[in-house]
Amino acid sequence: MSGQVIWITGLSGAGKTTLANELTARLQQYGLQPILLDGDMLRTLLKVPHNTIDAHNRESRIKLALKYAQICSNVRVSIVPRLYGCHCDYLNV
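The structure reproduced in this document is the subject of the present report.

About the thresholds
Residues numbered from 1 in each chain as written. Predicted model: local features only at pLDDT ≥ 70, side-chain atom pairs only at ≥ 80, totals over all residues. Heavy atoms only, no water. Helix = DSSP H or I, 4+ residues; strand = E, 2+ residues; numbered from the N terminus. Buried < 20%, exposed > 50% of the residue type's maximum accessible area, 1.4 Å probe, protein only. Contact = heavy atoms within 4.5 Å. Core = buried A, V, L, I, M, F, W, Y, C linked by side-chain atoms within 4.5 Å. Expected span 1.5 Å × (residues − 1). Arc of directions from axis to C-beta.

### Overview of the side chain of T24
Okay, so step 1: Its place among the elements puts T24 in helix 1 (residues 16–29).
Okay, so step 2: We classify T24 as buried; its relative accessible area is 9%.
Okay, so step 3: Sequence-distant contacts of T24, defined by excluding residues within four places in its chain, comprise P34, L36 and V80.

See below:
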């Protein structure tokens, strides 16, 4: 069985964090050890100021999340990336 990637995207205040936390807890109940990948974590890793909203920084975070999700999935790890906005054009991989 390969790992799963369950993307959670949405606007600010839409409930992404609540949904991601609940999903992660439920996956753990089934014996999985999912990784919750948060957009704020990516911002910290890339040393991007919290109030920076330019397209280049957002695209860098999304590409990093995609690469990380692909690596996790390849080694049979479940991952739940939680990102601001709808980036459907990037997610078709």
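Further notes follow.
### Focus on the nonpolar core
Okay, so step 1: Listed in full, the nine residues of the largest apolar core are L37, L42, I62, A65, L66, A69, C72, I79 and L83.
Okay, so step 2: Secondary-structure elements contributing two or more residues to this core are helix 3 (55–74) and strand 3 (79–84).
Okay, so step 3: It is helix 3 that contributes the most residues to this core, five residues altogether.
Okay, so step 4: Sequence-distant contacts of C72, defined by excluding residues within four places in its chain, comprise I35, V77 and I79.

### Quick look at helix 1
Okay, so step 1: Over its 14 residues, helix 1 extends 20 Å from the first C-alpha to the last, a length consistent with the 20 Å expected when each residue adds 1.5 Å.
Okay, so step 2: Among all positions in helix 1, only K16, A20, T24 and L27 are buried. Considered in projection along helix 1, the buried side chains sweep an arc of 65° and stay on one side of the axis. For helix 1, the exposed residues set more than 90 degrees away from the buried face come down to T18 and Q29.
Okay, so step 3: One or two positions beyond helix 1, positive phi appears at G31, with a value near 85°.

Note that all results are geometric; they support no functional claim without further evidence.
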